[in-house]
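A look at the structure
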Amino acid sequence: MSRKGKFGFIALGFVIWATGTLVYRIIGSFFFEVSAIGYWLNLILTSLLCAVVSLGLMKWWKIEQKDWLQGAICIALPGMLSEIPILASFSELMSNMQPATAGRYAAFLFACYSIVIGAAWFMSAKATSQPTAVSDLM
């Protein structure tokens, strides 16, 4: 993966993080302070959506599948690091939610980032384990 591609995904990671954080700052209680079923549906659907969008962007930007793990890390790492101060000051920065919601929010973030990185790792490993030429088969 080129240096330009890495910086592009890092910038994209910051944009996605900032957008998501702003959305959850405004209407987060709707997603996290609901029934257990509502919370888990949000967690599962959002995690899958994040993985599909991330992998889809890598495919669209013609990143070789063997490099998708690098791309996923570049997308996820800015958000993971940027969430540290958000979670440390959750009750002040995410004041639309109850302080006790911080654990659900953190678990949600952990799930999303894990699914994105895990899916990319799986696809990268799959690409590197497949033979690339007929001579590799013999």
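As a starting point, this report considers the structure included with it.

How each quantity is defined
- Residues numbered from 1 in each chain as written.
- Predicted model: local features only at pLDDT ≥ 70, side-chain atom pairs only at ≥ 80, totals over all residues.
- Heavy atoms only, no water.
- Disulfide = S-S within 2.5 Å.
- Buried < 20%, exposed > 50% of the residue type's maximum accessible area, 1.4 Å probe, protein only.
- Phe/Tyr/Trp six-rings, centres within 6.5 Å; stacked < 30°, edge-to-face > 60°.
- Helix = DSSP H or I, 4+ residues; strand = E, 2+ residues; numbered from the N terminus.
- Contact = heavy atoms within 4.5 Å.
- Expected span 1.5 Å × (residues − 1).
- Axes fitted to C-alpha atoms, helices over the stretch in contact; angles between N-to-C directions.
- Parallel < 35°, antiparallel > 145°, perpendicular 65-115°, else oblique.
- Left-handed = near helix turned anticlockwise from the far one by under 90°.
- Nonpolar A, V, L, I, M, F, W, Y, C, P; charged D, E, K, R; others polar.
- Core = buried A, V, L, I, M, F, W, Y, C linked by side-chain atoms within 4.5 Å.

1. Focus: the state of the cysteines
Disulfides are covalent bonds that link the sulfur atoms of two cysteine residues. With the rule as written, the count across this model stands at zero disulfides. There is no disulfide at Cys50, and the cysteine sulfur nearest it, in Cys112, is 4.3 Å away. Counting only cysteine sulfurs, Cys50 is the nearest neighbor of Cys74, a cysteine outside any disulfide, at a range of 17 Å. Relative accessible area serves as the criterion here: at 13%, Cys74 is assigned to the buried category.

2. Points about the packing of aromatic side chains
Within the structure shown, the criterion is met by 11 aromatic pairs. Measuring from ring centre to ring centre gives 4.7 Å for Phe9 and Trp61, while their planes differ by 35°; the resulting arrangement is tilted. Within this pair, whereas Phe9 is found in helix α1 (residues 3–32), its partner Trp61 is found in the loop between α2 (36–60) and α3 (68–88), the two being separated by 52 residues in sequence. For Phe9, a relative accessible area of 0% translates into the label buried. Looking at Trp61, the relative accessible area reads 37%, which means it is partly exposed. Ring geometry for Phe30 versus Phe31: centroids 5.3 Å apart, planes at 80°, classification edge-to-face. Residue Phe30 is classed as exposed on the basis of its relative accessible area, which comes to 60%. For Phe31, a relative accessible area of 22% translates into the label partly exposed.

3. A short note on the side chain of Ser47
The residue Ser47 is located in helix α2 in this model. When sequence neighbours within four positions are dropped, the list of residues in contact with Ser47 reads Asn42, Ala111, Cys112 and Ile115.

4. Focus: α2
Compared with an ideal rise of 1.5 Å per residue, which puts 25 residues at 36 Å, α2 spans 35 Å between its outermost C-alpha atoms and is within 8% of the ideal. Of the residues making up α2, those classed as buried are Tyr39, Asn42, Leu43, Thr46, Ser47, Ala51, Ser54, Leu55, Leu57 and Met58. Packing partners of the buried residues in α2 comprise α1, α3 and α5 (102–129). Downstream of α2 by one or two residues, Lys62 has phi in the positive range, about 60°.

5. So, the packing of α1 against α5
Where α1 meets α5, the axes come as close as 12 Å, and the angle between the chain directions of the two elements is 130°. In terms of their interaxial angle, α1 and α5 are classed as oblique. Of the two possible hands of crossing, α1 and α5 adopt the one that is right-handed. Facing α1, whose interface residues are Trp17, Thr21, Tyr24 and Phe32, α5 presents Arg104, Tyr105, Phe108 and Tyr113. Of the residues contributing to the contact of α1 with α5, the split by class is six nonpolar, one polar and one charged.

6. Description of the nonpolar core
One finds Tyr24, Phe32, Phe90, Met94, Met97, Tyr105 and Phe108 to be the most contacted residues of the largest nonpolar core, which totals 16 residues. Contributing elements (two or more residues each) for this core: α1, α2, α3 and α5. Ranked by residue count, the leading element in this core is α5, at seven residues. Setting aside chain neighbours within four positions, we find Phe90 in contact with Ser95, Met97, Gln98, Pro99, Thr101, Ala102 and Tyr105. In terms of nonpolar packing, the next biggest core, distinct from the first, is built from 13 residues, Phe9, Leu57, Cys74 and Ala120 among them.

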